[in-house]
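What follows is each chain in one-letter form.
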Amino acid sequence: DNDWNECIGYLPNANNGDLRDLWRNDFANANSPFHQFDNPFPDSSTGPIIERHVTNPEIFYFVHNKVAFFGINRVVGQSYVNSVADPDPNTEWIKGKLALQGCDLQSIIILSHRSPKSEVYDAIDTYDDNCGRSSTAGDGIPILTITGNTHPASYCMTRVANNMF
């Protein structure tokens, strides 16, 4: 796996440190090419504006064509967000953004290294309830969760000489 909490020197009980600062500077800093979309989306003259969590900028949100995209911070193992932060920043972020959105969303996509806590889905259920829908009745908003940690317990990759894998 490639979680930042597996790096030597990572501080799992702190929301700062050299490794987090390095990642946040390279990927979430306002000067980073990954901070916002540089190119327009096919049906638009611009890309959507990415909103980032103030203290955890790796947590992000944007809407495109009535689809909400949430990038959350959920790694395997002990980390500040998984083990220490109370309340959970991912859940609070999603609750807050959905509360501002209104009921016109048609779908939600969650991007995460591992599956979100159940509280994230509870927050979406509350959004559905507030919009007069019910996930238990089958008319809740569709949710696609994409995780990067799902893989077989053991697998092999064969080496290709020109790119090492």
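Described below are features of the structure shown in this document. What you see is a predicted model, and the numbers here were worked out from it, not measured in a lab.

Next up on the list: the overall build of the protein. The helix and strand inventory of the protein stands at four helices and five strands. Taken from N to C terminus, the helices and strands of the protein fall in the order α-β-β-β-α-α-β-α-β. Within the span of the protein, comprising 165 residues, buried residues form 39% of the whole. Here the analysis covers contacts within the protein between residues at least 6 apart in sequence; of these, 59% occur between residues at least 24 apart. Just so you have it, the protein exposes about 9,900 Å², and 54% of that area is on carbon and sulfur atoms.

Looking now at the packing of aromatic side chains. This structure, assessed with the given rule, holds seven aromatic pairs. Their ring planes at 40° and their centres at 5.2 Å tell us that W23 and F27 sit as a pair that is tilted. Taken together, the positions of W23 and F27, both in helix α1 (residues 18–28) and four residues apart, correspond to about one turn of that helix. Look at Y61 and F70: their rings are 4.9 Å apart centre to centre, the planes differ by 35°, and that puts the pair in the tilted class. Joined through ring pairs, the aromatic side chains of F37, F41, F60, F62 and F69 make up one cluster. The ring of W93 carries K97 above its face, with NZ or CZ at 4.6 Å from the centroid.

Moving on to the pattern of salt bridges. All chains considered together, the criterion is met by five salt bridges. For R24, the salt bridge identified is with E58, shortest N-O distance 2.9 Å. With a gap of 34 residues between them, R24 in helix α1 and E58 in the loop between β1 (51–52) and β2 (60–64) connect regions that are remote in the sequence. Taken as a pair, R24 and E58 share a single burial class, namely buried. Through salt bridges that share partners, R20, R24 and E58 make up one connected network.

Within soluble globular proteins, side chains that are nonpolar tend to cluster in buried spots. F70, I94, L98, I108 and I124 are the most contacted members of the largest nonpolar core, which totals 16 residues. Those elements giving two or more residues to this core turn out to be β3 (67–71), α3 (89–101), β4 (107–112) and α4 (118–130). Dropping the residues within four chain positions of it, I124 is found in contact with I94, L98, I108, I110, I141 and I143. Membership of the second largest hydrophobic core comes to six residues, among which are I50, F60, F69 and I109.

It is worth spelling out the state of the cysteines at this point. Under the counting rule described, the total for this entry stands at one disulfide. Through a disulfide, C103 is tied to C131; the S-S separation comes to 2.1 Å. Classification of the bridge connecting C103 and C131 rests on its S-S torsion, roughly -85°, and on that basis the disulfide is left-handed. Placement of the pair is C103 in the loop between α3 and β4 and C131 in the loop between α4 and β5 (143–147), with a sequence separation of 28 residues. Taking relative accessible area as the criterion, C103 reaches 44% and is therefore assigned partly exposed. Classification of C131 by relative accessible area gives buried; the value is 18%.

Reading guide: rules and limits
Residues numbered from 1 in each chain as written. Predicted model: local features only at pLDDT ≥ 70, side-chain atom pairs only at ≥ 80, totals over all residues. Heavy atoms only, no water. Helix = DSSP H or I, 4+ residues; strand = E, 2+ residues; numbered from the N terminus. Buried < 20%, exposed > 50% of the residue type's maximum accessible area, 1.4 Å probe, protein only. Contact = heavy atoms within 4.5 Å. Areas by Shrake-Rupley, 256 points an atom, 1.4 Å probe, with all protein chains shown as cover. Phe/Tyr/Trp six-rings, centres within 6.5 Å; stacked < 30°, edge-to-face > 60°. Lys NZ or Arg CZ within 6 Å of the ring centre and 35° of its normal. Salt bridge = Lys/Arg side-chain N within 4 Å of Asp/Glu carboxyl O. Core = buried A, V, L, I, M, F, W, Y, C linked by side-chain atoms within 4.5 Å. Disulfide = S-S within 2.5 Å.

Everything listed here is a matter of coordinates, which is why it stays silent on function.
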